[in-house]
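Structural features, examined
Read off the chains here:
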There are 2 protein chains.
Amino acid sequence: MTIGDVASHAGVSVATVSKVINGRYGVAAATAAKVQAVIDELGYESSLVARSLRSHKTNVIGILVADLEPFSTELLKGASRAIHGSGYELVVYSAGGLAVDSVGWEKRYLSRLGGTLIDGAVLVTPTVVEADAAIPLVAVDPHRGRSGLPMVDSDNRRGARLATEHLLGLGHRRIGFLAGRPDLESAEQRALGYRQALEAHGIPLDPDLVQIGAYEQELSADAARALLTLPDRPTAVFAANDRSAIETLEMARVLGIAVPSELSVVGFDNIPESVMAEPPLTTVNQPIQDMGRMAVELLLELLGGASPAQTHLTLPTDLVLRSSTAPPRLPRARRGTSGRRTTSA
Amino acid sequence: MTIGDVASHAGVSVATVSKVINGRYGVAAATAAKVQAVIDELGYESSLVARSLRSHKTNVIGILVADLEPFSTELLKGASRAIHGSGYELVVYSAGGLAVDSVGWEKRYLSRLGGTLIDGAVLVTPTVVEADAAIPLVAVDPHRGRSGLPMVDSDNRRGARLATEHLLGLGHRRIGFLAGRPDLESAEQRALGYRQALEAHGIPLDPDLVQIGAYEQELSADAARALLTLPDRPTAVFAANDRSAIETLEMARVLGIAVPSELSVVGFDNIPESVMAEPPLTTVNQPIQDMGRMAVELLLELLGGASPAQTHLTLPTDLVLRSSTAPPRLPRARRGTSGRRTTSA
DNA sequence: CTGAAAGCGCTAACAG
DNA sequence: CTGTTAGCGCTTTCAG
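Each chain carries its own residue numbering, running from 1 in the direction its sequence is written. Here chains are named by letter from A upward and ligands by number from 1 upward, in the order in which they appear as written. Local features are withheld for residues below a pLDDT of 70 in this predicted model, meaning they are given only at 70 or higher, and side-chain atom pairs are given and counted only at 80 or more; totals for whole chains, interfaces and linings count all residues. With hydrogens and water set aside, each side-chain value is computed from the structure's full complement of heavy atoms.

**Here's the deal with the UniProt feature "domain: HTH lacI-type" (unreviewed entry) in chain A**
This is how it is decided: UniProt positions are given in the numbering used here, feature names are shortened, and annotations may be inferred rather than shown by experiment. A helix here means a DSSP run of H or I that spans at least four residues, while a strand means a run of E at least two residues long, and both kinds are numbered starting from the N terminus.
Residues given the UniProt feature "domain: HTH lacI-type" (unreviewed entry) here are residues 1–55 of chain A. Along residues 1–55 of chain A one finds 69% helix and 0% strand; the C-alpha atoms at either end are 20 Å apart.

Okay, structure coming up:
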């Protein structure tokens, strides 16, 4: 079923059919009606691929993700909302882990799709930011290092401080940190928030208490184990995202450590899975759906030729209290704070 | 950045570059190495669009959804898992509500993408099933009426019986049903399960207690209100999906009806949002992620030229008890059962 | 107002 | 082994 079929059925040329489809001027009303009738009868829809190859304007925006996991799928819900009524359609592209490990997957995706198929794209946690692309781009929670790219993220540092201060407020003094992907700006900010909170409470940073999980299942499990098998193990762990926090919960169960009585765990993201965790996870809420919605809205503005006032949107984070945190069982506080005890704010 | 650029940089023809890219025979090792070097240096990736227009084989499979909501995004998580290591990439296509209302959106999508861009597709809750497509297709939870299409669904009737029997077991006798999209086979099965459970308990069907929400927010709210403002209102409501169950919870709050003490509510699907509902929703679990995974696995088999033994997969459903159900407060049971009291199984 | 023809980036014969 | 050529389905000048 091609435009040629429609043309021959209607007894006109493909050029005429094309004009009718695209509402171009220069077609007699009678001809247009006849062609339209054939289109309707045949149920013809023009090939997105062929059209985009030729015209470089598709009314489709792309969302490029490394994988479809809880974070990106939450984001899609918000993106979908923003698309409603915009006249655009949505294509989500994922190598499904095919090239996830390789840094720069988003660059590969872009050269495969950009210039054709999509008019603009939202890049979700890209590893390499390139400001020079043929099409408008918006990054969500991008790689470290400034780039000219419009972006939306959330207040990661504040969220991390909130999480750490919550644990401190409960009386914890030995607080482990399960760090995220070192290349992500957001992960770095979360580490910073953790350190700042400790410092503000005059607690020296113990390098043993920081392990890198890189947001990867295997590595997170290893990191959690390292933390929980320490001679003087932490009474609480702040994990840089919910998935690694859930991994920590799992590891605690394996090691026979009760949560929250013997170990408190805080996550980051507030993905739906955090509520279903056992016990339900105390975590830092990041408005993921809103981030998706605003990224698409920003992209739509860009596509519309506008010059948005705000080109870097940072959404607020807040703490969600559930059941994975409690005061430390023993007054270890005394024991852990062997160092100086300043009174900084 | 096109294949032509690579060709001129390498001092060869585009045909040679194409051969190198696709690993075709008939290229001198030295030439191939030189071309590859240029490709790497330039970071060239062939245009998916151009390639697919020409070769009709893209190594990409499509997942076609009407909208990105909790059900479809859960499904995507499973689909993504199945894609890992398959060598295929994934494109999710959604009009984002652009043409959702129009029956047959999946047909439109297919003619836009099929034959080009994707080698096969998973159709999520399609409204019109067409067995004759140019590419392999798998339907998830499709439209009513048999079609030759390979499909995966879940045991909807059993799930609905389980839900209704749970309410009956608690002592409820006036049980409302908030029905789903009439065109979906699954919705019909859920209605059937509801009716069968009532019948098995000798409770006559009260037409007032059945309202259609069609899985739509507005309609579900209206249907819930109709149910809850009945003179002799039901003591329990079984909603055909979680979203309408959550809508019912919301309507109960608006009307000042306490859940579960004054009203029990059961949903269907077990989407993540059901855990977060207030109160957490008792619901029928449908293994949505597995459905996505198996749909993709089935499609992959089809794409590989296999003739799968099973071409219609039905996954089990089960009841998840949470906090939105309880025995009815008053012994209304006596009052509601004015009709005959048979003892059918 | 309509159609013939060129060409988007690529692949697949087919010659050389 | 390499390059020339045709053409995928569509849009877009440009003649008629």
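**Comments concerning the pairing of strand E9 (residues 264–269) of chain B**
Spelled out, the test is: Think of it in three bands: residues with accessible area under 20% of the maximum for their type are buried, residues over 50% are exposed, and the middle band is partly exposed, with areas taken using a 1.4 Å probe on protein chains only. Look down the strands so they point away from you; if the path from the first strand over the helix to the second goes clockwise, the crossover is right-handed.
Of all the six residues making up E9 of chain B, six are buried; the element is thus mostly covered by neighbouring parts of the structure. For the crossover that starts at strand E8 (residues 236–239) of chain B, traverses helix H10 (residues 242–255) of chain B and ends in the parallel E9 of chain B, the hand is right-handed.

**Some thoughts on the protein's contact with DNA strand C**
Rules: If even one non-hydrogen atom of a residue comes within 4 Å of a molecule or strand, that residue is called near it. Counted as a polar contact is a pair of N or O atoms within 3.5 Å, where, for protein atoms, one must be capable of donating a hydrogen and the other of accepting one, and residues adjacent in sequence contribute only when both atoms are in side chains. Gly falls in the polar group here, along with every residue not listed as nonpolar (Ala, Val, Leu, Ile, Met, Phe, Trp, Tyr, Cys, Pro) or charged (Asp, Glu, Lys, Arg).
Taken together, 24 residues lie near DNA strand C, and Ala28, Thr31 and Arg54 of chain A together with Ile3 and Tyr44 of chain B sit nearest. For DNA strand C, the fraction of atoms within 4 Å of the protein that belong to sugar or phosphate moieties is 62%. The contact in question runs from a phosphate oxygen of DNA strand C to an N or O atom on the side chain of Thr16 of chain A, over 2.9 Å. For DNA strand C, a base oxygen lies 2.7 Å from a polar atom in the side chain of Lys19 of chain A. Mapped by element, the contributors of at least two residues to the surface near DNA strand C are helix H2 (14–21) and helix H4 (48–55) of chain A together with helix H2 (14–21) and helix H4 (48–55) of chain B. It is H4 of chain B that provides the largest number of residues to the surface near DNA strand C, a total of four residues. Each residue belonging to the surface near DNA strand C can be placed in one class, and the counts come to nine nonpolar, ten polar and five charged.

**A word on the side chain of Glu89 of chain A**
With respect to the secondary-structure elements, Glu89 of chain A resides in strand E2 (residues 89–94). For Glu89 of chain A, a relative accessible area of 4% corresponds to the buried category. Here Arg108 of chain B takes part through its side chain, which lies 2.3 Å from a polar atom of the side chain of Glu89 of chain A.

**Quick word on the pattern of salt bridges**
Condition: Think of a salt bridge as a Lys or Arg side-chain nitrogen and an Asp or Glu carboxyl oxygen that are within 4 Å of each other.
Counted under the stated rule, the structure contains 32 salt bridges over all chains. A salt bridge links Glu89 of chain B to Arg112 of chain A; the shortest N-O distance between them is 3.8 Å. Here Arg112 of chain A lies in helix H6 (residues 105–113) and Glu89 of chain B lies in strand E2 (residues 89–94), a pairing that spans two chains. A salt bridge links Arg329 of chain B to Glu262 of chain B, with the shortest nitrogen-to-oxygen separation between them at 3.4 Å. Here Arg329 of chain B, found in the loop between strand E12 (318–320) and helix H13 (333–336), pairs with Glu262 of chain B, found in the loop between H10 and E9; they are 67 residues apart in sequence, far enough to count as distant. Arg329 of chain B sits in the exposed class, given a relative accessible area of 58%. Salt bridges linked by common partners bring Glu45 and Glu89 of chain A together with Arg108 and Arg112 of chain B together as one network.

**Things to note about helix H8 (residues 185–200) of chain A**
Residue and element names in this part refer to chain A. Which entries qualify depends on this criterion: In a helix, the anticipated span is given by 1.5 Å times the number of residues less one. Whether two residues are in contact is decided by their heavy atoms, any of which lying within 4.5 Å being enough.
Compared with an ideal rise of 1.5 Å per residue, which puts 16 residues at 22 Å, H8 spans 22 Å between its outermost C-alpha atoms and is within 8% of the ideal. Buried within H8 we find Ser186, Ala187, Arg190, Ala191, Gly193, Tyr194, Ala197, Leu198 and Ala200. Summarising the contacts, the buried residues of H8 are in contact with helix H7 (156–170), strand E6 (175–179), strand E7 (210–212), strand E8 (236–239) and strand E9 (264–269). Looking at the residues trailing H8, positive phi occurs at Gly202, about 70 degrees.

**Some points on the packing of helix H9 (residues 217–228) of chain B against H10 of chain B**
All names here are of chain B. This is how it is decided: Fitted lines through C-alpha atoms serve as axes, helices being fitted only where they are in contact, and the angles separating the N-to-C directions of these axes extend from 0 to 180 degrees. To sort the angles, those under 35 degrees are grouped as roughly parallel, those over 145 as roughly antiparallel, those from 65 to 115 as roughly perpendicular, and the leftovers as oblique. By convention the crossing between two helices is left-handed if the near helix lies anticlockwise of the far one by an angle smaller than a right angle, and right-handed if it lies clockwise.
Orientation of H9 relative to H10, taken along the N-to-C sense of each, is 50 degrees, at an axis distance of 9 Å. It follows that H9 is oblique to H10 by the angle criterion. Seen from above, H9 lies across H10 with right-handed handedness. Residues Gln217, Ser220, Ala221, Ala224, Arg225 and Leu228 of H9 touch H10, and the partners they reach there are Ser244, Glu247, Thr248, Met251, Ala252 and Leu255.

**Let's talk about the protein's contact with DNA strand D**
Surveying the vicinity of DNA strand D reveals 24 residues, the closest of which are Ile3 and Tyr44 of chain A together with Gly26, Thr31 and Arg54 of chain B. Across the atoms of DNA strand D situated within 4 Å of the protein, the share located in sugar and phosphate is 60%. In the environment of DNA strand D, a phosphate oxygen lies 3.2 Å from a nitrogen or oxygen atom belonging to the side chain of Asn22 of chain A. In this structure, a base oxygen belonging to DNA strand D sits 2.7 Å away from a side-chain N or O atom of Arg54 of chain A. Those elements that place two or more of their residues in the surface near DNA strand D are H2 and H4 of chain A together with H2 and H4 of chain B. Partitioning the surface near DNA strand D into residue classes produces nine nonpolar, ten polar and five charged.

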